[in-house]
Amino acid sequence: MSSTTSDAGKAVPGRLAAVYSKVQTSRVNISLPLPSVLKSSFNIVDGPPSSATGNPDGIAKLFPNLFGQPSVILKAGDSGAGAKDASLKIGVVLSGGQAPGGHNVISGIFDYLQGRTKGSTVYGFRGGPAGIMKGNYVELSTEFIYPYRNQGGFDMICSGRDKIETPEQFKQAEETAKKLDLDGIVVIGGDDSNTNACLLAENFRGKTMKTRVIGCPKTIDGDLKCKEVPTSFGFDTACKIYSEMIGNVMTDARSTGKYYHFVRLMGRAASHITLECALETHPNIAIIGEEVAAKKQTLKSVTDHITDIICKRSKLGYNYGVILIPEGLIDFIPEVQHLISELNEILAHGAVDETGIWKKKLQSQSQALFELFPEAIQEQLLLERDPHGNVQVAKIETEKMLIQMVETELDKRKHEGQYNGQFKGQSHFFGYEGRCGLPTNFDANYCYALGYAAGALLHSGKTGLISSVGNLAAPVEEWTVGGTALTSLMDVERRHGKFKPVIKKAMVELEGSPFKKLASLRDDWALNNRYVNPGPIQFVGPTANTINYTLLLELGAEA
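Quick notes on the rules
Per chain, residues are indexed from 1 in the order of the written sequence. Given that this is a predicted model, residues contribute local features only at a pLDDT of at least 70 and side-chain atom pairs are listed and counted only at 80 or more, while totals for whole chains, interfaces and linings are drawn from all residues. Water and hydrogen atoms were dropped before computing side-chain values, which therefore reflect all heavy atoms in the structure. By definition, any uninterrupted DSSP run of H or I lasting at least four residues is a helix, any uninterrupted run of E lasting at least two residues is a strand, and each is numbered from the N terminus. Atoms considered for the radius of gyration are the C-alpha atoms alone. The globule rule reads 2.2 Å times the number of residues to the power 0.38. Exposure categories follow from relative accessible area, calculated using a 1.4 Å probe and restricted to protein chains: below 20% of the type maximum is buried, above 50% is exposed, and the middle band is partly exposed. The criterion used for residue contact is that any of the two residues' heavy atoms lie within 4.5 Å. Computed with a 1.4 Å probe, the accessible areas rest on the Shrake-Rupley method; for each residue, only the protein chains presented here act as cover. Think of a salt bridge as a Lys or Arg side-chain nitrogen and an Asp or Glu carboxyl oxygen that are within 4 Å of each other. Only the six-membered ring of Trp is used, alongside the rings of Phe and Tyr, when aromatic pairs are assigned; centres must lie within 6.5 Å, and planes under 30 degrees apart are stacked while those over 60 apart are edge-to-face, with the rest tilted. We define a polar contact as two N or O atoms separated by no more than 3.5 Å, with the added condition that, inside protein, one atom must be a possible hydrogen donor and the other a possible acceptor, whereas residues neighbouring each other in sequence contribute only through side-chain atom pairs.

Trainee: Quick rundown of the overall build of the protein? Include the residues and the values.
Mentor: The helix and strand tally for the protein stands at 19 helices and 18 strands. Taken over the C-alpha trace, the protein has a radius of gyration of 25 Å; the compact-globule value for 559 residues is 24 Å, and the two agree within 12%. The principal-axis extent of the C-alpha atoms belonging to the protein is close to 80 × 55 × 50 Å. Here the protein, with 559 residues, has 57% of them falling under the buried criterion. When contacts within the protein are restricted to residue pairs at least 6 apart in sequence, those whose partners lie at least 24 apart make up 79%. Of the roughly 23300 Å² of accessible surface on the protein, a fraction of 50% belongs to carbon and sulfur atoms.

Trainee: Describe the pattern of salt bridges, listing the residues and the values that go with them.
Mentor: A pair can form between side chains of opposite charge whenever their charged atoms are brought close. For the coordinates displayed, the defined rule picks out 24 salt bridges. The salt bridge involving Glu 399 is made with Arg 264; its shortest N-O contact spans 2.5 Å. You can see Glu 399 sitting in helix α16 (residues 398-415) and its partner Arg 264 sitting in strand β11 (residues 260-265), a full 135 residues away along the chain. A residue is classified by how much of its surface remains accessible, and Glu 399, at 3% relative accessible area, is buried. For Lys 400, the salt bridge identified is with Glu 397, shortest N-O distance 3.4 Å. It is possible to trace a salt-bridge network through shared partners that takes in Lys 300, Asp 304, Asp 308, Glu 409 and Arg 413.

Trainee: Any details on the environment of Ala 454? Residues and values, ideally.
Mentor: Along the chain, the position of Ala 454 falls in helix α17 (residues 441-459). Look at Ala 454 and you get buried, because its relative accessible area is 0%. Expressed as a C-alpha distance, the spacing of Ala 454 and Asp 78, which sit 376 residues apart in the sequence, is 19 Å. The residues touching Ala 454, leaving out its near neighbours within four places in the chain, are Ile 109, Val 186, Ile 214, Cys 216 and Ser 467.

Trainee: Residues and numbers for the packing of aromatic side chains, please.
Mentor: For the structure shown, the criterion picks out 11 aromatic pairs. For the ring pair Tyr 446 and Trp 479, a centre distance of 6.4 Å and an interplane angle of 85° mean the geometry is edge-to-face. Separated by 33 residues along the polypeptide, Tyr 446 in helix α17 and Trp 479 in the loop between β15 (465-470) and β16 (480-485) bring together distant segments of the chain. Looking at Tyr 446, the relative accessible area reads 0%, which means it is buried. Centroid distance Tyr 448 to Tyr 452: 5.6 Å. Interplanar angle 55°. Geometry classified as tilted. Here the residue Tyr 448 and the residue Tyr 452 both occupy positions in helix α17, the gap between them amounting to 4 residues, near one helical turn.

Trainee: Which residues make up the side chain of Arg 116, and what are the values?
Mentor: For Arg 116, the location among the structural elements is in helix α3 (residues 102-116). With a relative accessible area of 9%, Arg 116 lands in the buried category. Among the polar contacts listed, one links the side chain of Arg 116 to the backbone oxygen of Leu 38, at a separation of 2.8 Å. Within the structure, the side chain of Arg 116 is placed 2.8 Å from the backbone oxygen of Ser 40, a separation counted as a polar contact.

Below you can see the structure in the form of structure tokens.
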């Protein structure tokens, strides 16, 4: 077992590759392809000055040292950017929830520095950004990294959700950077983490420190993307894992002929996972939160839509089906958003009690809606809020709520003579199962290229950029490589009474090709059983290198 030590002197054991399965062993020993531009010398070509997604004046004030800097692209050439004579000291940190492929980003950074910068050192900060603030790190070596190559999880150095945002926390980060004499830090994370990376880059540059900061786009939710960053890593793998599981319950539904499977899928802020899994498996119903919000649908209208299809299927002799639900559904329903806002205000001024007097503080419409919820959901809506003051959506069992509400509506229709079928609901939540699987070929290659690109950007003296790899529908050798100015992705939002910079989440576009594809097919899927079981992720064979439909459609390819 490989091990190394932190500054605290504690041994840090690594994985033991000797106990891997044959699949894991076959994955750890493969070599990965690289975009051609990363295989030889290259030039860094600056684009035009950048602006911001929204409120450029506000972003310019918040980032005076970074705002306006250009995004860049790597072009083949004989620049000194590929010189081997400059050793670097680089730190890497995993921030936020896990996503398949994170270990390959670190492997890519390490391999770039080993190949291009003689004598370089890579430190892994343990437990997320807190590792930077506390100076808790491991020095990464070839032996230490080896068992993690092409493997799922974040356990090489583990992750965390801490933020570096207070003056004291920035000072702690500065002290660690100076102590380790860091030339750069790579932050591997989602939209919040990359916002934090940009703040760190701004702080270091403002203090004229040599430490530069580069981000990498991570989140299985798929809500960190733009023209220059076509997708976040982990999305491809997670959706394929969930789609296999959905395909399995579809076969079960068809086999028994008596169950409706209500499947809640990860994705609090956006419904990309639900949309992609629908395109992969063809469920009878796929609820897209962004459509619910755009049409200002009520909870009753969502329930009625599901019930209507169940009744139509019953007349065809089908008393079974599969329904996909995004994790954040209730956040998209305007009346529920209003209720939650009122509950937040009540909870902020003290806990609710069993007398129920606190309910009188709700407006009549919100009070009626609250009473409409099953008791278990009422309790979940009153749970302690997360650190951002949000309802902990993952703990609200929306799928069970909808089963109960559909049962109630079906009983009503049965008494009215409108329904004579049999309904049995089965609830599922597919969440953490998708976050740490063995990365698909696409995610393994994409992450390795992202890491290599991050190393190249730091080697070239860049800061405040997010590693960007494009042309993803083409073979890996033809992928483009660059870095996108983090400030160009930002807007300003008011949070907790203060204006804060945020990278805007990418939502499902109702005018986008993926949603339009779903919309063109879902009426057929609703009544006819077009189920597809894609099976487990493949690493060799005809489907091994396929990429998700969402990305294909967004890139203009026919899916």
